[in-house]
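Examining the three-dimensional arrangement
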Amino acid sequence: MSHVVVTDIARADPAVVDAFAAFGSATVHEAMGRVGYAGARLRPIQLDAAISGSAITVSTAPGDNLMVHAAIEQARPGDVIVVVPAEDSAYGVIGDLMATQMQVRGVRGYVTSGGVRDTAALRSMGFPVWSAHVSARGTVKDTPGSVNVPVVLGGVVVNPGDIVVADDDGVTIVPRERAEEALAASQARTEKEERSRARYRDGEISMEVNGLRPILADLGVRYVTQADFEAEHGRD
């Protein structure tokens, strides 16, 4: 495959993209049918950041950040840069200098299955990052890659222009063509959860609210007294 920088990607409606941040990665993942979650390896370097934005994707060689520089040039306000090295590698691919460029250009965050460094500076800047590694090990700039091509992040295919939803729980990817459907489903799930929350505050429990007793029965789970249990299994 040739190495390219695609310059004219399609993005979802900005109002739709922006709305996802209020729902968060877990709700969106569940609302889409439990898909799109990019895995537990991607952890935030900060707390209490919640973003959504359009993906600028980067396929890069391990230990090389040349194509991330190229991606910054392509970024617009509201984008999130998503970087996937060709193989797992713990290098500090970006730090505060590159993040400063991103922040000035309106990039909302940085997501990578690789690594970052200068994490204290990134936190003090208020620039959100999700990464698989934190590493002081630096990179070179001498290997080609591509910008705005499909990449695989934690088992999830990310196409340029897909929506990245990221918060303390991790990262979920919404395919651009499913944006409005996924937003409506996220809103519906949030409303349902709020109704359940109100019932729990009133003293009800999830076994009743969610109708779980018949499920336990169908699975062969029995309710027994301690005496009955000891009669069947003995006492340790």
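1. A look at the nonpolar core
Residues V68, I81, I94, M102, Y110 and F127 are the most contacted members of the largest nonpolar core, which totals 25 residues. Elements with a contribution of two residues or more to this core: β2 (51-60), α3 (66-74), β3 (79-85), β4 (92-94), α4 (96-104) and β5 (109-116). Per-element tally for this core: the top contributor is α3, with five residues. If we skip the residues at most four places from it in the chain, Y110 touches V68, V80, I81, V83, V93, I94, M102, V116, F127, P128, V129 and W130. Listed in part, the 18 residues of the second largest apolar core include L42, V151, L153 and V158.

2. Describing unusual backbone geometry
The phi torsion at R34 lies on the positive side, around 60°, for a residue other than glycine. On the basis of relative accessible area, R34 is assigned to the exposed category, the value being 61%. The residue D48 is not glycine, and still its phi comes out positive at about 70°. Note that D48 resides in the loop between β1 (43-44) and β2.

3. Here's the deal with the pairing of β2
As a general feature of sheets, a regular strand has side chains that alternate between the two faces. Of all ten residues in β2, nine are buried, a share of seventy percent or more. Sheet topology note: the β2/β3 ladder contains seven bridges and is parallel. Within the sheet, the bridge partner assigned to S54 lies in β3 and is D79. In terms of strand pairing, β2 meets strand β7 (residues 146-147) through two bridges, oriented antiparallel. What sits directly across from S59, in β7, is S146.

4. Regarding the environment of M67
Mapped onto the secondary structure, M67 falls in helix α3. It is 9.1 Å that separates the C-alpha atoms of M67 and V83, two residues lying 16 residues apart in sequence. The contact partners of M67, leaving out residues within four places of it in the chain, are V5, V58, S59, T143, P144, G145, S146 and V147.

5. Some details on the side chain of N148
With respect to the helices and strands, N148 occurs in the loop between β7 and β8 (151-153). From its side chain, N148 meets the backbone oxygen of V6 in a polar contact 2.9 Å long. Here N148 is in contact with V6, I9, A55, I56, T57, Q74 and P160, once residues within four sequence places are set aside.

Conventions we followed
Residues numbered from 1 in each chain as written. Predicted model: local features only at pLDDT ≥ 70, side-chain atom pairs only at ≥ 80, totals over all residues. Heavy atoms only, no water. Core = buried A, V, L, I, M, F, W, Y, C linked by side-chain atoms within 4.5 Å. Buried < 20%, exposed > 50% of the residue type's maximum accessible area, 1.4 Å probe, protein only. Helix = DSSP H or I, 4+ residues; strand = E, 2+ residues; numbered from the N terminus. Contact = heavy atoms within 4.5 Å. Pairing = 2+ DSSP bridges. Polar contact = N/O pair within 3.5 Å; in protein donor to acceptor, adjacent residues only side chain to side chain.

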